[in-house]
Amino acid sequence: MIEKLEYVYMPKNSLTFPPERLLLAPGPTNLHSRVLQALIAPILGHKDPRFLDIMDETAALLRYVFQTRNKVTLALPGTGGAGMEATLVNLLEPGDTVVVLDAGYFAARMVEIADRCRARVIVHQTEWGRAVDIDSLEAALQQAGRVKLVAAVHGETSTGVEHPIAEIARVAHAHGALLAVDAVPTLGGVWLPVDEWQIDICYSGSQKCLSAPPGLAPITVSEPAMQVIHQRKTKVQSWYHDLSILSRYWSRERVYHHTAPINMTYALREALVLIQEEGLETVIQRIGVLSAGVLAGLQAMGLELFSDPAHRLTTVVAVKTPTGIDEARVRATLLETFNIEISGGLGAYAGKLWRIGIMGHSARPRNLLAFLAALEMVLREQGHATEPGVGPRVACEVFSRT
Ligand SMILES: Cc1ncc(COP(=O)(O)O)c(C=O)c1O
């Protein structure tokens, strides 16, 4: 036994202290000190009545941010991808038709999952950077025949575009289809009234606008969608993601399904309380103003918006990297010299875009001004000189207009 120890990596001390970064990529975000405190609160057993109360409170707070009365509203163990997987595996059976609205990087995953469900997948393509066109969607649905599900991404993190979910819902329902919405980068940061827009199933991730650590996927399911799940001819192919079992775990029945991620649930609950204290509408308005300010600052520095301005997603500002600038080197310098993280482009836009997250606790004027000032210095090093201080100054003007 002893000689085996030499193969085991022994850290010098038992705690790892990573550097403190300013997180301005589209998630994860920096955490409020109350959320951090929640993570180190005493752990309870997952059947402890106090913890069961915390689950109920978390579900109630999730209903608040989803703007829904859906009974089945819970936090899945797993990241946003678990929400996507649960949505599709529960609603699709072999041979069902699903129309996936593909307008960026994340819809491709929906296609992959739906394909594994052995569904008939129709991909409705929209150019990256543009919003789904309702007339062409209507025409596609007419051609598709009987469609069980339309799957859409509310905010495309890869392109910085917000898709018109209210209209997509109208068209999907007129065609007799259910609507599933990915709200990973939008829940708690962009207006998304699930009940008013009649979204049948909607999921998100804990680490973006909700500003908790990654690891939980909030999801809400309408009555009609639950009925479809209960009336399936085949079992849901994933036992772990089966919403008919999970919903009983999150109901008063408490039918054991998994050991809840206890401290993560505390953290999510606290992050949701913070949103409730500020007020959902106020949070959304704050994100809107800060996003407009950052974009104005970047434009004043000569950078160009990538997304269609009429459908710009406030929580992700996507700008083109100027010609002659090494995109990845700029991000690396921001990280190494200034401890600031932003993202680059995905897929065909790798190396061509920067994406800045305006989310949760990271979305504060001082953070965004620090980023704009740092970016100016890094860009100057690479020969892209602008009027000194113009980015932060212009952003400040927008911030202070409200
Ligand atoms: C629109 C969208 N959907 C799904 C995901 C996947 O979420 P996660 O990385 O939390 O699994 C992301 C992640 O950024 C996303 O932006």
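In case you missed it, the structure is sitting above this.
Residues numbered from 1 in each chain as written. Predicted model: local features only at pLDDT ≥ 70, side-chain atom pairs only at ≥ 80, totals over all residues. Heavy atoms only, no water.

## Quick word on the pairing of strand E12 (residues 316-320)
In regular strands, side chains alternate between the two faces of the sheet.
Right, so step 1: By the criterion of burial, E12 is predominantly enclosed, with four of the five residues buried.
Right, so step 2: Note: strand E11 (residues 304-305) against E12, two bridges, orientation antiparallel. Note on E12: the bridge partner recorded for Leu-305 is Val-319.
Right, so step 3: Both E12 and strand E15 (residues 353-357) contribute to a ladder of five bridges, which runs antiparallel. Paired with Val-317 across the two strands is Ile-356, which belongs to E15. (Buried < 20%, exposed > 50% of the residue type's maximum accessible area, 1.4 Å probe, protein only. Helix = DSSP H or I, 4+ residues; strand = E, 2+ residues; numbered from the N terminus. Pairing = 2+ DSSP bridges.)

## Digging into the sheet that holds E15
Strands pair in a sheet through their backbones, by hydrogen bonds, and they do so in one of two ways: parallel or antiparallel.
Right, so step 1: Strand order in this open sheet of four strands is E11-E12-E15-E14, and the pairing throughout is antiparallel. Two strands bound the open sheet, and with one partner strand each, they are E11 and strand E14 (343-344).
Right, so step 2: The strands touched by helix H10 (residues 280-300) within the sheet are E11, E12 and E15, with E12 carrying the most contacts at an inclination of about 10°.
Right, so step 3: Docked against the sheet, helix H11 (residues 327-338) engages E14 and E15, running at close to 35° with respect to E15. (Contact = heavy atoms within 4.5 Å. Axes fitted to C-alpha atoms, helices over the stretch in contact; angles between N-to-C directions.)

## Considerations on the nonpolar core
One broad rule of soluble globular proteins: the nonpolar side chains tend to lie buried together.
Right, so step 1: Counting residues in hydrophobic clusters, the biggest one holds 124 residues, and the most contacted among them are Val-150, Ile-168, Leu-298, Ile-356 and Phe-371.
Right, so step 2: Broken down by element, this core gets its largest block of residues, 10 residues, from helix H9 (residues 262-278).
Right, so step 3: Both of domain 1 (33-276) and domain 2 (279-399) provide at least three residues apiece to this core.
Right, so step 4: Sequence-distant contacts of Ile-356, defined by excluding residues within four places in its chain, comprise Leu-24, Leu-298, Thr-315, Val-316, Val-317, Val-319, Ile-342 and Phe-371.
Right, so step 5: One finds Val-190, Cys-209, Leu-313 and Met-359 within the second-largest nonpolar core, a separate group that totals five residues. (Core = buried A, V, L, I, M, F, W, Y, C linked by side-chain atoms within 4.5 Å. Domains from an automatic or database assignment.)

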